[in-house]
Amino acid sequence: MKNKENILLNIKDLHVWYKVYGGYLKVLNSVHLIVREGERVGLVGETGCGKTTTMKSILQILPPGDFYIPQGQIFYKGRDVLKMSFKEIQRLRSREIAMIFQDPTAALNPVFTIGNQIGDVIKYSAAFAGGMHKEKIKMRSIKALKEVYLPDPERMCINYPFQLSGGMRQRVCIAMAISSPRNLLIADEPGTSLDVTIQDQIHRLLNELVEKRNTAIILITHSLGVAREMTDRIYVMYAGTIVETATPEILFKNPFHPYTKGLLASVPRISGGGMTQGIPGKLPSYLNPPSGCRFQPRCEQERPICSEEPPQLFEIEKDHLVACYLTQR
Amino acid sequence: MEQATNNEILKIEKLKKYFCIGKDKRGLIYVRAVDGVTFNIKHGETLGLVGESGSGKSTIAYTVVGMYRPTSGQITFKDKNIGIEAARRPLSSKKEIQIVFQDPGSSLNPRQTIKQILTLPLRIHTQIPKRQFQEKIVELLEKVELSPDYLYKSPPSIGGGEKQMVAIARAMASNPSVIILDEPTSALDVSIQAKIINKLIDLQKEMSLTYLFITHDLSLMRNVANRIAIMYLGKICEVAESVTFFEKPLHPYTQMLISSVPVVTKEEEDLKPQKIISTGEIPSPVNIPPGCSFHLRCPYKMPICSKVDPEMIEFSPGHMVRCHLFAKPDNKKIIKE
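Residues numbered from 1 in each chain as written. Chains lettered and ligands numbered in written order. Predicted model: local features only at pLDDT ≥ 70, side-chain atom pairs only at ≥ 80, totals over all residues.

### Observations concerning the overall build of chain B
A count of helices and strands for chain B gives 12 helices and 12 strands. Over its C-alpha atoms chain B spans a radius of gyration of 21 Å, differing by no more than 12% from the 20 Å that the globule rule assigns to 337 residues. In terms of overall dimensions, chain B has C-alpha extents of about 70 × 55 × 45 Å along its principal axes. Burial status across chain B gives 47% buried among its 337 residues. (Helix = DSSP H or I, 4+ residues; strand = E, 2+ residues; numbered from the N terminus. Rg over C-alpha atoms; globule rule 2.2 N^0.38 Å. Buried ≥ 20, exposed ≤ 12 C-beta atoms within 10 Å, placed from the backbone.)

Dropping the structure here:
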């Protein structure tokens, strides 16, 4: 049995820059993230705050030649991903970590059948353990499709992605991710392009599969409500930095960082109560980000020290870390 | 009663919009995007139209502004029938009904400056002399809290929230009385969404506007709309005041929708109907199931549901529902515990 205390993934002080005309976009600025075995972690933040960049850097699928990692380490099971050889990264991608992308339509190849595409995943995953027979691959694909409750999996295998609805396509993507045993699942906004009822189904399905297999999951989302219902621990991200991390119970009861508070207040409630003013301002430019805390230009409680040096994560109570100078009263 | 009818600014009766998509042995194949929808909007109110994608919300919006000609049915605006295509509508009614689209990135011309974008409605719909355009545009921008610096910027160079503000300013330019908001904030982040929604509420009070607010976000609806109508496969299945709507949802589909909303507080969780969990998907509008279109996903399915399409009934004043569960007066039961 896996131990929930064992650290599976540990991102330490990760910086990622993108090359653009006129300099570097300093997107990630000191990201710290820990995922334990079998843990469900949520990564919450608004559009363009670096959630997907973080995940892509774990799998090393950032656009080749366009990025630069000045410092940082990503430890997966104690080994630094950034120092791995190509062969080892291939193994990591095909046997250890699986990713589910936001848009299932773009993630599936329109000219190959579903069976073909799932079969490929199983085939390459098995290639590291001596390969697998064709018939067995087919059986495994059907089993995976069954597990995500797709009707008539045998027929589904000979269908093309365009013949399925959005929710069914996302189920196929999940089936691909779980078709071979993995230790970590990265779900990048799996329900965002779908309707609420379908989103709810997809999330429940993911939860069920993760629990059954004791797989760790990183759920990227921009919705605090989804993170609350789906995860054991939430990381809140703003402009390439982790600003706050806590368990959902703590985070929703007493959020500390001004950004978390603002974000939480902006969510409309089904119990009514009107709308709040939101957070004034907008994301800073990554070309010349603020030198200190990146939230400081939008923050209402800023102090002189905020624009000097970026704050470090500080534990204000158990399991509750905040990167803000307000912690030092 | 008479007062109430005078109050109605927009009335939609038995509106149908079919799209022909092909031909087979039995004749033409239609997508029944909107299939007999009746509702009305009172002056100064916000009606929320909620539904999944493919339920025909946007088709209603486009038909009301005149981008589509209705297959049948009537659209009455201030006691005048405008259920004809836009080319044959009087200019005065076009001026009165404006629309804000979902994605500001594609509804604003990227090659035009903000000034050019806002000039067009002024030139067509108002009698303002040309030399006062500049002044009027600055005034419009001020209304949506944008500084005059934006005049000569082009849409790709500004943020998503600001683009949507420009789109709102464009809709306001002709001084309309009804604005159709077709998912105005679904492409934006929550912190920006809150700002835009607040602005819209302020403008509504200031200019006594009537909104038809289309969205798939129920929790947003709760805070914006006075009344909510739920659509499923081209038909409206429940209409109610927004407060009663969340306290006492009747239609099983409504309950399914509310129970799927991700929430952030304990208080909200208590509001969710616990019994219904969502199953299945919305069928294709080409093959709408016979009888009640929801019966394939409904947990309270009865034999009658697959045969007879239910009628809209008034469950309590202002609360309409289209479901067999509430058909007979003695059969009134509320499913929500």
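### Focus: the overall build of chain A
What chain A contains, in helices and strands, is 11 helices and 13 strands. Taking 329 residues into account, the globule formula puts the C-alpha radius of gyration at 20 Å, and chain A, at 21 Å, falls close to it. Across its three principal axes, chain A shows a C-alpha extent of roughly 65 × 50 × 45 Å. A buried classification covers 46% of the 329 residues belonging to chain A. Contacts in chain A between residues at least 24 apart in sequence constitute 65% of all its contacts with a sequence separation of at least 6. (Contact = placed C-beta atoms within 7 Å.)

### Topic: the pairing of strand β11 (residues 313-316) of chain B
Where β11(B) and strand β12 (residues 319-321) of chain B come together, three bridges link them in antiparallel fashion. Paired with E314(B) across the bridge in β12(B) is M320(B). (Pairing = 2+ DSSP bridges.)

### Remarks on the sheet that holds strand β2 (residues 27-42) of chain B
All names here are of chain B. Here we have four strands laid out as an open sheet, ordered β2-β1-β4-β5, and antiparallel in their pairing. Of all strands in the sheet, those bounded by a partner on one side alone are β2 and β5 (80-81). Sheet analysis places strand β1 (residues 8-24) next to β2, joined by 13 bridges and oriented antiparallel. Considered in β2, the bridge of F19 is made with V31.

### Some words on the pairing of β1(B)
Residue and element names in this part refer to chain B. Remark: two residues form the turn of the hairpin made by β1 and β2, two consecutive strands paired antiparallel. Bridging between β1 and strand β4 (residues 72-77) involves five bridges; their strand directions are antiparallel. If you follow L10 over to β4, its bridge partner there is F77.

### Describing the interface of chain B and chain A
One frequently used descriptor of interface size is the decrease in accessible area upon assembly of the parts. Taken together, the contact pairs 34 residues of chain B with 36 residues of chain A. Every element with two or more residues in the side of chain B that touches chain A is listed here: α8 (190-207), α9 (218-224), α10 (242-247), α11 (252-260) and α12 (266-271) of chain B. For the side of chain B that touches chain A, the class distribution of residues is 16 nonpolar, 11 polar and seven charged. (Nonpolar A, V, L, I, M, F, W, Y, C, P; charged D, E, K, R; others polar.)

### A word on the environment of N183(A)
Residue and element names in this part refer to chain A. One can find N183 in the loop between α7 (166-178) and β8 (184-188). When the 20 C-beta atoms within 10 Å are taken as the criterion, N183 is described as buried. Separated by 38 residues in the primary sequence, N183 and T221 place their C-alpha atoms 20 Å from one another. In this structure N183 touches L8, E96, T215 and A216, once residues within four positions along its chain are discounted.

### Here we look at the sheet that holds β11(B)
Residues and elements named next belong to chain B. Strands sit in the order β6-β7-β8-β3-β9-β10-β12-β11 across an open sheet of eight strands; the sheet is mixed. Both edges of this open sheet fall to β6 (97-100) and β11, since each of them pairs with a single strand only. Looking at each pair of strands side by side, their axes are set apart by 20 degrees on average, direction ignored. Along the sheet face, helix α2 (residues 57-65) touches β3 (46-50), β6, β7 (178-182), β8 (210-215) and β9 (227-232) and points at about 150 degrees away from the line of β7. In this fold α11 packs onto β9 and β10 (235-241), with an angle of close to 105 degrees to the strand it touches most, β9. (Axes fitted to C-alpha atoms, helices over the stretch in contact; angles between N-to-C directions.)

### Notes on the nonpolar core
Formed by 184 residues in total, the largest nonpolar core has its most connected members in A169(B), I180(B), L212(B) and I230(B). At eight residues, the largest contribution of residues to this core is made by α7(A). With residues up to four places along the chain from it excluded, the contact list for I180(B) reads A61(B), V64(B), V65(B), I97(B), I99(B) and L212(B). (Core = buried A, V, L, I, M, F, W, Y, C linked by C-beta atoms within 7 Å.)

### Things to note about the packing of helix α11 (residues 258-266) of chain A against α8(B)
When two helices pack together, their arrangement is given by the angle between the helix axes and the distance between those axes. For the pair α11(A) and α8(B), interaxial distance at closest approach is 8 Å and the crossing angle is 50 degrees. Our classification of the angle between α11(A) and α8(B) gives oblique. The element α11(A) and its partner α8(B) pack so that their crossing is left-handed. For the pair α11(A) and α8(B), the contacting residues are G262(A), L263(A) and S266(A) in the first and V190(B), S191(B), Q193(B) and A194(B) in the second. When grouped by side-chain class, the residues that make up the contact of α11(A) with α8(B) number three nonpolar, four polar and no charged. (Parallel < 35°, antiparallel > 145°, perpendicular 65-115°, else oblique. Left-handed = near helix turned anticlockwise from the far one by under 90°.)

### So, α8(B)
When the terminal C-alpha atoms of α8(B) are compared, their 25 Å separation across 18 residues agrees well with the 26 Å that a helix rising 1.5 Å per residue should span. Listing the buried residues of α8(B) in full gives V190(B), S191(B), I192(B), Q193(B), A194(B), K195(B), I196(B), I197(B) and L200(B). In this structure, the buried side of α8(B) is in contact with α11 of chain A together with α7 (160-172) and α9 of chain B. Among the residues trailing α8(B), S208(B) stands out with phi positive, at a value near 40 degrees. (Expected span 1.5 Å × (residues − 1).)

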